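Residue-level structural notes
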Amino acid sequence: MSEPLIRYQNICIQQQGLEILEDINFELNKGEFVYLIGKVGSGKTSFLKTIYGELEIESGEAEVMGLNMRTIKQKHIPDLRRQLGIVFQDFQLLTDRTVHANLEFVLRATGWKNKVDIHMRIEEVLEQVGMGGKGYKMPNELSGGEQQRIVIARAILNKPELILAHEPTGNLDAETGRSIVELLKGICEKGSAILMITHNLNLLTEYPGKVYRFDNHHLENATAEFANFSEQNVE
């Protein structure tokens, strides 16, 4: 069996001297779809930040993509982030350039040089997210749902094994939000693990996955709770 993409054992996370999370145990394996839920301020974002090296882990054992997150050097964090796909709620697209140029910027920043290969990969991911033929558009010419699809296209450019999605449906209407989760589910089925923060609990029953809840500085597996809820709705 392959090693987990994330393996946290008894970790603690602090910010400004305050303990945010304590005694956290968590594993994420290839191809899993996992939701992170919890009240505002419960530690979801802080937890996600430890995975891509923006926030240090105070104690415990922590590995992400085979790297020790307790001892990782600052110079190696860009290499880690190149192995991840990150989907932000607020898109963070470069507003002064086209969709194609946004995606080309990422590819060149991660070592791609051949123009033909770059063009082919951009066209491939745009088709995959249902945005084929939209590469010439500027971000402000796209709807919120379309921009989020471009953000997902950006996240999968380098075929990462792990995609972190921070409330990807938070700024979208319900129908558009569902289409984004369906897209992420499809990407997961192709082999990428998805770790998604959400406040929309309806998604957990419509698109089942593992569920972890942050509460009172701890993390608990809530998968069975939502599986039972889904079964009751079917009945």
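The structure under discussion appears in the preceding block.
Note on numbering: residues in each chain are counted from 1, in written sequence order. Local features in this predicted model are restricted to residues of pLDDT 70 or higher, and side-chain atom pairs are both shown and tallied only at a pLDDT of 80 or more, whereas totals for entire chains, interfaces and linings draw on every residue. By convention in this description, side-chain values take in all heavy atoms of the structure and omit both hydrogens and water.

A word on the overall build of the chain
Condition: The helix count covers DSSP runs of H or I at least four residues long, the strand count covers runs of E at least two residues long, and both are numbered beginning at the N terminus. We take the radius of gyration over the C-alpha atoms and set the globule estimate at 2.2 Å times the residue count to the 0.38 power. The cut-offs for exposure are 20% and 50% of the maximum accessible area for each residue type, with area from a 1.4 Å probe on protein chains only; residues under the lower value are buried, those over the upper are exposed, and the others partly exposed. Surface accessibility in these figures is a Shrake-Rupley result with a 1.4 Å probe; residues are shielded only by whichever protein chains are displayed. Think of it this way: Lys and Arg go in the positive column, Asp and Glu in the negative one, and His and the chain ends go nowhere. The location of each charge is read from NZ of Lys, CZ of Arg, CG of Asp or CD of Glu.
A tally of regular secondary structure across the chain gives eight helices and 10 strands. Taken over the C-alpha trace, the chain has a radius of gyration of 18 Å; the compact-globule value for 235 residues is 18 Å, and the two agree within 12%. Seen along its three principal axes, the alpha-carbon backbone of the chain occupies a region of about 50 × 50 × 40 Å. Split into buried and exposed, the 235 residues of the chain put 47% on the buried side. Surface exposure of the chain reaches about 12,000 Å², of which carbon and sulfur atoms provide 46%. For the chain, the separation between the mean place of its 25 positive charges and that of its 33 negative charges on side chains is 7 Å.

Focus: the packing of aromatic side chains
We count it as follows: In this scheme Phe, Tyr and Trp rings, the latter by its six-membered ring, pair at centre separations within 6.5 Å, and the angle between planes marks the pair as stacked below 30 degrees, edge-to-face above 60, and tilted otherwise. As a reminder, the over-ring test applies to NZ of lysine and CZ of arginine, requiring each to be within 6 Å of the ring centre and within 35 degrees of the ring normal.
Within the structure shown, the criterion is met by five aromatic pairs. Looking at Lys-185, its charged tip hangs above the ring of Phe-33, at a distance of 4.4 Å from the centre.

Things to note about the layout of surface pockets
Where we set the bar: In the cavity and pocket records, a cavity denotes points on a 1 Å grid over the protein atoms alone where a 1.4 Å probe fits but cannot get out, a pocket denotes an open set with protein on both sides within 12 Å along at least 5 of 7 lines, and lining residues are residues with an atom within 4 Å of a point. Grid points are joined across faces, edges and corners, and a volume is the space filled by probe spheres set on the points. We call Asp, Glu, Lys and Arg charged. Ala, Val, Leu, Ile, Met, Phe, Trp, Tyr, Cys and Pro are nonpolar, and the rest, Gly among them, are polar.
Roughly 540 Å³ of internal volume is contained in the largest pocket. The wall of the largest pocket is formed by 20 residues, among which Arg-81, Leu-84, Ile-86, Val-106 and Arg-154 lie closest to the centre. Elements with a minimum of two residues in the lining of the largest pocket: helix H2 (77-82), strand E6 (84-87), helix H3 (99-109) and helix H5 (144-155). In terms of residue count, the dominant contributor to the lining of the largest pocket is H3 (four residues). Each residue belonging to the lining of the largest pocket can be placed in one class, and the counts come to 11 nonpolar, five polar and four charged. In this structure, the second largest pocket encloses a volume near 230 Å³. What lines the second largest pocket is a set of 13 residues, among which Leu-55, Glu-56, Ile-57, Met-69 and Ile-72 lie closest to the centre. A class-by-class count of the residues in the lining of the second largest pocket yields five nonpolar, four polar and four charged.

Some points on the sheet that holds strand E9 (residues 210-215)
Which entries qualify depends on this criterion: Note on pairing: two strands pair once DSSP finds at least 2 bridges between them. Only the contacting stretch of a helix is used when fitting its axis, a line to C-alpha atoms as for every element, and angles between N-to-C directions run 0 to 180 degrees.
The sheet built from six strands is open, its strands ordered E6-E7-E8-E3-E9-E10 with mixed pairing. What marks the edges here is a single partner per strand, and that holds for E6 and strand E10 (218-221). Along the sheet, successive strands turn relative to each other by an average axial angle of 20 degrees, direction set aside. In this sheet, strand E7 (residues 162-166) lies alongside E6 in parallel orientation, the contact comprising four bridges.

What about the sheet that holds strand E1 (residues 6-15)?
Put simply, the test is: By definition in these notes, contact holds between two residues if any of their heavy atoms fall within 4.5 Å.
Spatial strand order, E2-E1-E4-E5: four strands in an open sheet with antiparallel pairing. The sheet is open, and its two edges are formed by strand E2 (18-28) and strand E5 (67-68), each paired on a single side. Here strand E4 (residues 59-64) runs beside E5; their pairing, made up of two bridges, is antiparallel. Bridging across to E5, Glu-63 finds its partner in Asn-68. The sheet contacts of helix H1 (residues 44-51) involve E1, E2 and E4, and relative to E1 the element is tilted by about 120 degrees.

A word on the packing of H5 against helix H6 (residues 174-189)
Threshold: By the definition adopted for this analysis, an angle is roughly parallel if under 35 degrees, roughly antiparallel if over 145, roughly perpendicular if from 65 to 115, and oblique otherwise. Two helices that cross are described as forming a left-handed crossing if the nearer one is turned anticlockwise from the farther one by less than a right angle, and a right-handed crossing if clockwise.
Two numbers describe how H5 lies on H6: the axes approach to 10 Å, and their chain directions differ by 15 degrees. In this view, H5 runs roughly parallel relative to H6, as classed from their interaxial angle. When the axes of H5 and H6 are compared, the crossing they make is right-handed. Facing H5, whose interface residues are Gly-145, Gln-148, Arg-149 and Ile-152, H6 presents Thr-176, Ser-179, Ile-180, Leu-183, Leu-184 and Ile-187. For the contact of H5 with H6, a count of residues per class yields five nonpolar, four polar and one charged.

Some points on H6
Where we set the bar: Each residue after the first adds 1.5 Å to the expected span of a helix. In protein, a polar contact requires one atom able to donate a hydrogen and another able to accept it; more generally it is a pair of N or O atoms within 3.5 Å, and residues adjacent in sequence count only if both atoms are side-chain atoms.
Spanning 16 residues, H6 covers 23 Å between terminal C-alpha atoms, matching the ideal 22 Å at 1.5 Å per step. Those residues of H6 not exposed but buried are Gly-177, Ile-180, Val-181, Leu-183, Leu-184, Lys-185, Ile-187 and Cys-188. The inward-facing, buried residues of H6 contact strand E3 (33-38), helix H4 (115-128), H5, E7, strand E8 (193-197) and helix H7 (202-206). Between the side-chain oxygen of the N-cap and the backbone nitrogen of Glu-175 there are 3.2 Å, and the N-cap of H6 in question is Asp-173. A positive phi of about 120 degrees marks Gly-191, the residue just after H6.

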